[in-house]
Amino acid sequence: MSVEIRIDKVSKAFGDVVAVQNASFGIEPNRFVSIIGPSGCGKSTLMRIVSGLMPPDAGQVHIGGRSVSGPARDVGMVFQAPVLLPWRSCLENVLLMGEMRGDKPARHRARAEELLELAGLAGFEDSYPHQLSGGMQQRVGICRALLLNPALILMDEPFGALDIISREKMGFELLKIWAHSRNTVLFVTHSITEAVLLSDTVVVMSARPGRIQDIIEIGLPRPRTRETMSEPRFAQLSDTLRGRIQSQWSE
């Protein structure tokens, strides 16, 4: 299941500080779209508006043709911290999404076990969060967000707290999991390399007030591997995105 997203002239201010200004872009179904930009440019604010957790001051967001007026049941979220319940096992944390909807755990157990296997966590179903590494905990969080096969997955810097090696590994794990679901994904990151590796499209935001400065189509073939990162086209796209961001430093 996947869905189309339309962000139309969205603005948001906090007092005198304008975080997002007149932002507009669209996301087609089954696409993986990343947002990058300087720190404080409003990436996370825009993500919260799309999720329905925060209303815009102006403009609208439509998910599947419906205007967003609050959190939707068919949207999954992954944050920088995995926010797992420490008293629940790995499997029980994944099943939490179904329980919150009123379903019995048994209804989604097979799906949860399948996701954990895809995420490389087979054998850790009964482990507790304190027994898992940071990357493993984040994979549990991703599985939890995918349990009910939401039409849209929102990821707000989900690998930001990880070291470089773990972060790269998590990127490939995410690609593997996403290849089986092809949900629409909106992904916020500070990493240019990560954005190029994961995305179909990269949206570049300007420094505050956050505006849409550019939209870059990646176009690299899938599936993507470590060899993809050595290709000249990968380096070219990374340099292009880096140039778009660095050009703001002199403005």
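Calculation criteria
Residues numbered from 1 in each chain as written. Predicted model: local features only at pLDDT ≥ 70, side-chain atom pairs only at ≥ 80, totals over all residues. Heavy atoms only, no water. Helix = DSSP H or I, 4+ residues; strand = E, 2+ residues; numbered from the N terminus. Buried < 20%, exposed > 50% of the residue type's maximum accessible area, 1.4 Å probe, protein only. Polar contact = N/O pair within 3.5 Å; in protein donor to acceptor, adjacent residues only side chain to side chain. Salt bridge = Lys/Arg side-chain N within 4 Å of Asp/Glu carboxyl O. Patch = residues over 30% accessible without salt bridge, like charges linked within 9 Å, V, L, I, M, F, W, Y side chains within 5 Å. Areas by Shrake-Rupley, 256 points an atom, 1.4 Å probe, with all protein chains shown as cover. Axes fitted to C-alpha atoms, helices over the stretch in contact; angles between N-to-C directions. Parallel < 35°, antiparallel > 145°, perpendicular 65-115°, else oblique. Left-handed = near helix turned anticlockwise from the far one by under 90°. Contact = heavy atoms within 4.5 Å. Phe/Tyr/Trp six-rings, centres within 6.5 Å; stacked < 30°, edge-to-face > 60°. Pairing = 2+ DSSP bridges. Disulfide = S-S within 2.5 Å. Nonpolar A, V, L, I, M, F, W, Y, C, P; charged D, E, K, R; others polar.

**Q** Explain the environment of Gln 131 to me, please; I cannot follow it from the model alone.
**A** Checked against the element boundaries, Gln 131 lands in the loop between α3 (105-118) and α4 (134-146). Looking at Gln 131, the relative accessible area reads 48%, which means it is partly exposed. Between the alpha carbons of Gln 131 and Gly 210 there is a distance of 40 Å; along the sequence they are 79 residues apart. In this structure the side chain of Gln 131 is engaged in a polar contact, spanning 2.7 Å, whose partner is the backbone nitrogen of Tyr 128.

**Q** Can you walk me through the pattern of salt bridges in this structure?
**A** Two side chains with opposite charge may pair up if their charged atoms get near one another. Per the stated rule, a full pass over the model turns up 17 salt bridges. Among the ionic pairs, Arg 31 bridges to Glu 217, the shortest N-O distance being 2.9 Å. Of the two residues, Arg 31 is situated in the loop between β2 (17-27) and β3 (32-36) and Glu 217 in strand β10 (residues 212-217); the sequence distance between them amounts to 186 residues. In this structure Glu 217 comes out as partly exposed when scored by relative accessible area, which is 46%. Linking Arg 109 and Glu 113 is a salt bridge whose minimum nitrogen-to-oxygen distance equals 3.1 Å.

**Q** Even after reading the chapter, I still don't get a nonpolar patch on the surface, so can you show me in this structure?
**A** A cluster of nonpolar side chains, namely Leu 53, Phe 79 and Val 83, defines an oily patch on the protein surface of about 280 Å² accessible area. Its place among the elements puts Leu 53 in the loop between α1 (43-51) and β4 (58-63).

**Q** Got a minute to help me understand the packing of α4 against helix α5 (residues 164-181) in this structure?
**A** Between two packed helices, both the angle of their axes relative to each other and the distance between the axes serve to describe the pair. Packing of α4 against α5 brings their axes to within 11 Å, and their N-to-C directions diverge by 20 degrees. Relative to α5, the element α4 lies roughly parallel. Note on packing geometry: the crossing formed by α4 with α5 is right-handed. Contacts between α4 and α5 involve Gly 135, Gln 138, Arg 139, Ile 142 and Leu 146 from the former and Lys 169, Met 170, Glu 173, Leu 174, Ile 177 and Ser 181 from the latter.

**Q** Would you take a moment to explain the packing of aromatic side chains for this structure?
**A** For any two aromatic rings, the description comes down to two numbers: the centre-to-centre distance and the angle of the planes. Within the structure shown, the criterion is met by three aromatic pairs. For the ring pair Phe 32 and Trp 178, a centre distance of 5.5 Å and an interplane angle of 90 degrees mean the geometry is edge-to-face. Linking Phe 32 in strand β3 with Trp 178 in helix α5, this pair joins segments that are 146 residues apart in sequence. Of the two residues examined, Phe 32 and Trp 178, each falls in the buried class.

**Q** Can you walk me through the pairing of strand β9 (residues 201-205) in this structure?
**A** Consecutive side chains of a regular strand alternate in pointing toward one face of the sheet and then the other. Of all the five residues making up β9, five are buried; the element is thus mostly covered by neighbouring parts of the structure. Where β3 lies against β9, four bridges are found, and the strand directions are parallel. Among the inter-strand pairings, Ile 35 is bridged to a residue of β9, identified as Val 203. The pairing of β9 with β10 spans five bridges and is classified as antiparallel. When the sheet's bridge partners are listed, Thr 201 is paired in β10 with Glu 217. Hairpin geometry of β9 and β10 is characterised by an intervening segment of six residues between the two adjacent antiparallel strands.

**Q** Just checking my understanding: could you explain the state of the cysteines for this structure?
**A** Every disulfide links exactly two cysteines, by a covalent bond between their sulfur atoms. Throughout the structure, instances matching the rule amount to zero disulfides. Unpaired in terms of disulfides, Cys 90 finds its nearest cysteine sulfur in Cys 143, a separation of 7.2 Å.

**Q** I'm lost on the packing of helix α2 (residues 90-100) against α4 in this one. Help?
**A** Orientation of α2 relative to α4, taken along the N-to-C sense of each, is 30 degrees, at an axis distance of 7 Å. As judged from the angle between their axes, α2 and α4 are roughly parallel. Between α2 and α4 lies a crossing whose hand is right-handed. When α2 is examined against α4, the residues Cys 90, Asn 93, Val 94 and Met 97 are found in contact with a partner set consisting of Val 140, Cys 143 and Arg 144. Taken together, the residues of the contact of α2 with α4 sort by class into five nonpolar, one polar and one charged.

**Q** Sorry, what's going on with the pairing of β4 here?
**A** Direction of pairing for strand β1 (residues 5-14) relative to β4: antiparallel, over a ladder of five bridges. In the strand pairing of β4, Arg 6 is matched with His 62. Note: β4 against strand β5 (residues 66-67), two bridges, orientation antiparallel. Within β5, the position partnered with Ile 63 by the bridge is Arg 66. Hairpin remark: β4 followed by β5, antiparallel, with two residues in the connecting loop; positive phi at Gly 64, about 60 degrees.

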